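This is what each chain is made of:
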Amino acid sequence: MRDIRRKFAIAALTAGAVFGGVAFPATASTDPVSAVQITVCNDSNGTLLFWAKGYNQHDDWVDGPIWKANPHTCATGWNYWWKQNSSIELHYKIGSAAWTWTQKYIPKTGGETTTLHVS
């Protein structure tokens, strides 16, 4: 008798697990991620080191690693996404100069990157 009750309980639990997912499906979202990667163009004659701080795609305040852009080239901060329609702090130094920073606006665009210039 105990084996029959155990088999019935296992069958009921299995059915609950299977059909419970059908009764309460997860909410799907089709909204695009409102964030972009930044590309920083170095308009100067010295090597540019930069990093950014701001809100990411999860609306968390974060900072990225240091990236490098050679003179008159651009570099993309890969794998770091910054919230669109908001501002970031762009920290940078050119050559042996001291670190400085400026506020940069990240507009809402349809692309995956936004280009910023430093000279």
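An account of the accompanying structure is given in this report.

Rules used throughout
Residues numbered from 1 in each chain as written. Predicted model: local features only at pLDDT ≥ 70, side-chain atom pairs only at ≥ 80, totals over all residues. Heavy atoms only, no water. Phe/Tyr/Trp six-rings, centres within 6.5 Å; stacked < 30°, edge-to-face > 60°. Helix = DSSP H or I, 4+ residues; strand = E, 2+ residues; numbered from the N terminus. Buried < 20%, exposed > 50% of the residue type's maximum accessible area, 1.4 Å probe, protein only. Lys NZ or Arg CZ within 6 Å of the ring centre and 35° of its normal. Pairing = 2+ DSSP bridges. Polar contact = N/O pair within 3.5 Å; in protein donor to acceptor, adjacent residues only side chain to side chain.

## Let's talk about the packing of aromatic side chains
So, step 1. A complete count under the given rule lists four aromatic pairs for this structure.
So, step 2. Relative to tryptophan 67, the ring of phenylalanine 50 lies with its centre 5.6 Å away and its plane at 35°, an arrangement referred to as tilted. Of this pair, phenylalanine 50 sits in strand 2 (residues 48-55) while tryptophan 67 sits in strand 4 (residues 67-69), placing them 17 residues apart in sequence. Per residue, the accessibility class of phenylalanine 50 equals that of tryptophan 67, and both read buried.
So, step 3. When the ring centre of tyrosine 55 is taken as origin, the NZ or CZ atom of lysine 83, which lies over that ring, is 6.0 Å away.

## Considerations on the pairing of strand 1 (residues 35-42)
So, step 1. Among the eight residues in strand 1, eight count as buried, and that is most of the element.
So, step 2. As defined by bridge partners, strand 1 adjoins strand 6 (residues 82-83) across two bridges and the pair is classed as antiparallel. Opposite alanine 35, over in strand 6, you have lysine 83 as the bridge partner.
So, step 3. Here strand 1 runs beside strand 9 (residues 113-118); their pairing, made up of six bridges, is parallel. The residue bridging valine 40 from the neighbouring strand is leucine 116, located in strand 9.
So, step 4. Of the strand pairs in this sheet, strand 1 and strand 5 (residues 74-76) are connected by three bridges, and their pairing is antiparallel. Across the sheet, valine 40 pairs through a bridge with alanine 75, a residue of strand 5.

## A word on unusual backbone geometry
So, step 1. For asparagine 79, which is not glycine, the phi torsion reads 70° and is therefore positive.
So, step 2. Mapping asparagine 79 onto the fold places it in the loop between strand 5 and strand 6.
So, step 3. You can call asparagine 79 exposed: its relative accessible area is 67%.
So, step 4. One non-glycine residue with positive phi stands out, namely asparagine 85, at about 60°.

## Thoughts on the pairing of strand 2
So, step 1. Two strands pair when backbone bridges link them, and strand 2 and strand 4 are joined in this way by three bridges, in the antiparallel orientation. Looking at strand 4, one finds that leucine 48 is bridged to alanine 69.
So, step 2. As paired elements, strand 2 and strand 3 (residues 61-63) share three bridges and run antiparallel to each other. Bridge pairing in strand 3 links tyrosine 55 to tryptophan 61.

## A look at the environment of lysine 108
So, step 1. Considering the arrangement of structural elements, one finds lysine 108 in the loop between strand 8 (100-106) and strand 9.
So, step 2. Taking the relative accessible area as the measure of exposure, lysine 108 reaches 57% and is therefore exposed.
So, step 3. Separated by 72 residues in sequence, lysine 108 and valine 36 place their C-alpha atoms 8.8 Å apart.
So, step 4. Here serine 34 takes part through its side chain, which lies 3.2 Å from a polar atom of the side chain of lysine 108.

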